[in-house]
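# Summary of the model geometry
The primary structure of each chain is shown beneath.
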Amino acid sequence: MRGLAACYSEHAIKVSDTYCSGPSNHSYISPMLPPSIPDTVTTTYTSSSDKPVSVSLTWSDNLTVVISTPLKSYSVSLKKPKGSRKLTSSSGSLNAEILWDLKDAEYDNGGPEPIRGFSVVVVVNSEIALRIGDVDQECLRRDTSSWRVSRTERYSGSCWLSTKAQFSDNGTKHEIQIQCGGGGGGGGGGGEEGYLWKQKSPETMSVWVDKRKVFQVKKLKWNFRGNQTMFFDGMLIDMMWDLHDWFFKETTSSTSTSSSKTTSSSSSSSSSSSPPCAVFMFRRRSGLDSRLWLEEDEEENKQIGLREAKHSFSLVICVSKK
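Rules used throughout
- Residues numbered from 1 in each chain as written.
- Predicted model: local features only at pLDDT ≥ 70, side-chain atom pairs only at ≥ 80, totals over all residues.
- Heavy atoms only, no water.
- Helix = DSSP H or I, 4+ residues; strand = E, 2+ residues; numbered from the N terminus.
- Buried < 20%, exposed > 50% of the residue type's maximum accessible area, 1.4 Å probe, protein only.
- Pairing = 2+ DSSP bridges.
- Axes fitted to C-alpha atoms, helices over the stretch in contact; angles between N-to-C directions.
- Contact = heavy atoms within 4.5 Å.
- Polar contact = N/O pair within 3.5 Å; in protein donor to acceptor, adjacent residues only side chain to side chain.

Notably, Asp210 is not glycine yet its phi reads approximately 55°, a positive angle. When you line up the elements, Asp210 lands in the loop between β15 (205-209) and β16 (212-217). Judged by its relative accessible area of 35%, Asp210 falls in the partly exposed class. Of note in the backbone geometry, Lys211 takes a positive phi value of approximately 70° without being a glycine. By the secondary structure assignment, Lys211 is in the loop between β15 and β16. Here Lys211 falls in the partly exposed class, since its relative accessible area comes to 34%.

Moving on, we come to the sheet that holds β16. Across the sheet, 4 strands lie side by side as β13-β14-β15-β16; this open sheet has antiparallel pairing. Each of the sheet's edge strands pairs with one partner strand only, and the pair in question is β13 (160-165) and β16. Direction aside, neighbouring strands of the sheet carry axes that sit 15° apart on average. In this sheet, β16 lies alongside β15 in antiparallel orientation, the contact comprising 5 bridges. Directly across from Val207, in β16, lies its bridge partner Phe215.

It is worth spelling out the sheet that holds strand β11 (residues 127-133) at this point. Across the sheet, 4 strands lie side by side as β6-β7-β10-β11; this open sheet has antiparallel pairing. Each edge of the open sheet carries a strand with a single partner, namely β6 (82-88) and β11. Put simply, the sheet's adjacent strands are angled 10° from each other on average, direction ignored. In this structure, strand β7 (residues 95-101) lies alongside strand β10 (residues 119-124), joined through 6 bridges in antiparallel fashion. Paired with Ala96 across the bridge in β10 is Val124.

Mapped onto the elements of the fold, Glu153 is located in strand β12 (residues 147-156). In the structure, Glu153 is positioned 114 residues away from Asp39 in sequence and 7.6 Å away in space, judged by C-alpha atoms. Residues within four places of Glu153 in sequence aside, it is in contact with Pro38, Thr40, Val41, Thr163, Lys164, Leu315, Val316, Ile317 and Cys318. A distance of 2.9 Å separates a polar atom in the side chain of Glu153 from a polar atom in the side chain of Thr163.

This is the structure we're talking about:
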């Protein structure tokens, strides 16, 4: 019997195909956009040890490391360019050490996340839970069994951005562009071409992968939530979007103005202190999601789930209005 993934792939948008043969003006080719620079980038890794441990790295002005165990999470902010830091729980269940070196780190387009010339190693209970960057292999003989679970990029400005995503450890990086017109938000983006596009398509969202338009959503205020399946590199990628707050939630300035008029609105303004956000998620389906049935053996299902979890990855993009 054919797998569910094979059936879905027939109806999913194939990014690698030349299906987007548009008119002679090449409107299906993405416009040139300057690389978008995120405010923060958070990548979460998990391991397959006897006691599961996840490690999150948040890159901003500083490097913040969060070590999560089934019982508790521990967070530490690292401000020095190089050093080591030990974390020990009061109960003795966690004994961790973080070693980092960012002295010669190189950054892409001035973003917060280094791309080369750095190293971060996290050791939890004498086991390497995470090792990324340029690490001396001779000093660390024991390999790590961690893998990426998710990546969250946070931007501020307009829903007019360009980023890159790698949905498998051995896969290629794909350029993703999201263009949403209307809904306010400063920052511009795209220059004069972006401004003209917003005027022509005030409530339209277009998604481009590797400079090809894969789909477009019109009447965005009506379709502020939705999903679309794409198929490339032999993988099913689900994209989901939520633009409700972006369109309908008031900004902090407007809520503070309304709260000054009536005392009763002060409580609502405090609950709406965070700026409106547009959320986009790209999620790679694991093989377990594509199965029509599971094995009868629960232990076998557990092993299958563990193997397939290594192939599951999500990219979350959050854009806040200025």
